[in-house]
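Letter by letter, the chains look like this.
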Amino acid sequence: MCGGNSLSQAFALKPTPLANEFVKDMNTIQKEYPLEINICDDCGHVQLGHVVSGELLFSNYLYASGTSKVFVHHFNVYAKYIKSILKINKDKPLAVDIGSNDGTLLKEFKEIGFDVLGVEPAKNLAEISMQNSIDVINDFFNQGSVEKIIATKGKADVITANNVFAHIDDLRSVIKNSFSLLSDDGLLAFEVSYLGSVLEGLLFDTIYHEHLDYHSVLPLIGFLKDNGFKVIDVLLVESHGGSIRVISSKQQSHYKPSESVEKFVTQEKEKPITKERLNSFYEKIQIEKSKITNYLKTLKEAGKKIVAYGAPAKLTTLFHEFGITSELVDFVIDDSPLKQGLFTPGSHIPILAASSVDFNDIDVIFISAWNFAPSIIEKIKEKLRKDAIFIVPLPKFEVINNE
Ligand SMILES: [Zn+2]
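Predicted model only: the values in this text are computed from it and were never measured. (Residues numbered from 1 in each chain as written. Predicted model: local features only at pLDDT ≥ 70, side-chain atom pairs only at ≥ 80, totals over all residues. Heavy atoms only, no water.)

What follows deals with helix 12 (residues 373–380). Looking at helix 12, one finds that the buried residues are Ala-373, Ile-376, Ile-377 and Ile-380. All buried residues of helix 12 project into a common sector of 100° when viewed along the axis, lining one side. Seen from the open side of helix 12, the exposed residues pointing more than 90 degrees away from its buried face are Pro-374 and Glu-378. Looking at the buried positions of helix 12, the neighbouring elements they touch are strand 12 (306–309), strand 15 (364–367), strand 16 (389–392) and strand 17 (398–401). (Buried < 20%, exposed > 50% of the residue type's maximum accessible area, 1.4 Å probe, protein only. Helix = DSSP H or I, 4+ residues; strand = E, 2+ residues; numbered from the N terminus. Arc of directions from axis to C-beta. Contact = heavy atoms within 4.5 Å.)

Pasting the structure below:
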């Protein structure tokens, strides 16, 4: 982020296959990659030590935003918020979403009067987006796609990028391209997982190969400034267990930074990201690991049937770091048809649709998609026996009775 080259390794999690590499055949041999966490000695930015190529990660992607009702609502509020602060008088301002997934956010922008265009490298998602009448360029966000947008639609008034900036190795070129694409009074808004929340909430399972960067506001402000932007707003948002939405505009634009920017800066200066802080984070993960896995083993030895709910990408890190295998968990239930019938990366646990499961037979639901725990419990509690239990591993290990 600062262009420095003095990196130190803070800790390393267990190597895993790619977090979204769900397989069709349980006998597939999957390559594992290191998960080393490095910190920049100059700016405190935290990033992975090993970069897996974007082509390998994102050309076929199984995470579709639209499958989660929580995200649809989140994006609805998001689009309205951006519209409320945008200082552009146009009938149809243009919103471009980088990594537009299945078009869920752009659909919300379209409904409130924007012209919209997505940029999405995953072919399967670009196709879903087109079926939903959201136009998309099926490519990475690079100079070529930016030129194509300007030539056909003109400059963008809003550029959004949600849970994609942490995925990009050459973020500098993406920011430069965003600068070329954005109109003078346009807004660049992105959501990234917030390192402060990851550390406070022990959200280590959000560390996987797609997430190259673990952002804090201070390094981001410097980085954006280097590239002609100023940060005008920072909001803490709840998606993925703790993210920030950073809104920035061109330096010469008329937007004034909100007080929240200064609040984040003060907080981060008071409690800086250091190697020691990262080390103690790692120690805490190991303590939780023994608590949770010992509990699961006790249940298994008592003959309980344990099933996981939710096969998000973060399951891969959680299961590998904790050593959770098919010996402990019989199967995983997931609501995404894209994942049903496949096996989890590395651990090769079958993924089933809720409709094909006999809930009467289950003693323990381990909620691997813990950020959706309340809605998952609400959805299935009636189907389960009264003596079944829920285990929520993070952000705090909890056992919840189904009564
Ligand atoms: Zn740095």
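So that's the structure; there's more coming.
With distances of 2.2 to 2.3 Å, the protein atoms coordinating the zinc ion are Cys-2 (SG), Cys-40 (SG) and Cys-43 (SG). Counting along the primary sequence, the residues that act as donors to the zinc ion give the motif C-x37-C-x2-C. Highlighted residues: Cys-2 in the segment before strand 1 (7–16) and Cys-40 in strand 2 (residues 33–40), separated in sequence by 38 residues. According to the relative accessible area criterion, Cys-2 is partly exposed, its value standing at 35%. (Donors = N, O, S within 2.8 Å, 3.2 Å for Na, K, Ca; no water.)

Moving on: unusual backbone geometry. Cis rather than trans, the peptide bond between Leu-394 and Pro-395 has omega equal to -5°. Tracing the backbone shows Pro-395 in the loop between strand 16 and strand 17. The phi torsion at Ser-133 lies on the positive side, around 60°, for a residue other than glycine. As for its position among the elements, Ser-133 is in the loop between helix 4 (123–131) and strand 6 (136–137).

To continue, consider the domain arrangement of the chain. Looking at the assigned domains, one finds that the chain contains domain 1 (45–273) and domain 2 (293–401). Measuring from the centre of the C-alpha atoms in domain 1 to the corresponding centre in domain 2 gives 31 Å. Each partner contributes residues to the interface: domain 1 has 16 residues there, and domain 2 has 15 residues. Note on domain 1 versus domain 2: buried area summed over both sides is about 1400 Å², and carbon and sulfur give 73% of it. On inspection of domain 1 and its partner domain 2, the count reaches 0 salt bridges. Linking domain 1 with domain 2 are 2 residue pairs in polar contact (both at pLDDT 80 or more). (Domains from an automatic or database assignment. Buried area = accessible area lost by both parts, 1.4 Å probe. Salt bridge = Lys/Arg side-chain N within 4 Å of Asp/Glu carboxyl O. Polar contact = N/O pair within 3.5 Å; in protein donor to acceptor, adjacent residues only side chain to side chain.)

In this section: the sheet that holds strand 14 (residues 351–352). Spatial ordering of the open sheet is given by 14-13-12-15-16-17, a layout of 6 strands whose pairing is mixed. Strands with a single pairing partner mark the edges of an open sheet, and in this sheet they are strand 14 and strand 17. The pairing of strand 12 with strand 13 (residues 332–333) spans 2 bridges and is parallel. Following the sheet pairing, Tyr-309 is matched in strand 13 by Ile-333. Sitting on the sheet, helix 10 (residues 275–301) touches strand 12, strand 15, strand 16 and strand 17, and the angle it makes with strand 16 is about 155°. With respect to the sheet, helix 12 is in contact with strand 12, strand 15, strand 16 and strand 17, its orientation differing from that of strand 15 by roughly 150°. (Pairing = 2+ DSSP bridges. Axes fitted to C-alpha atoms, helices over the stretch in contact; angles between N-to-C directions.)

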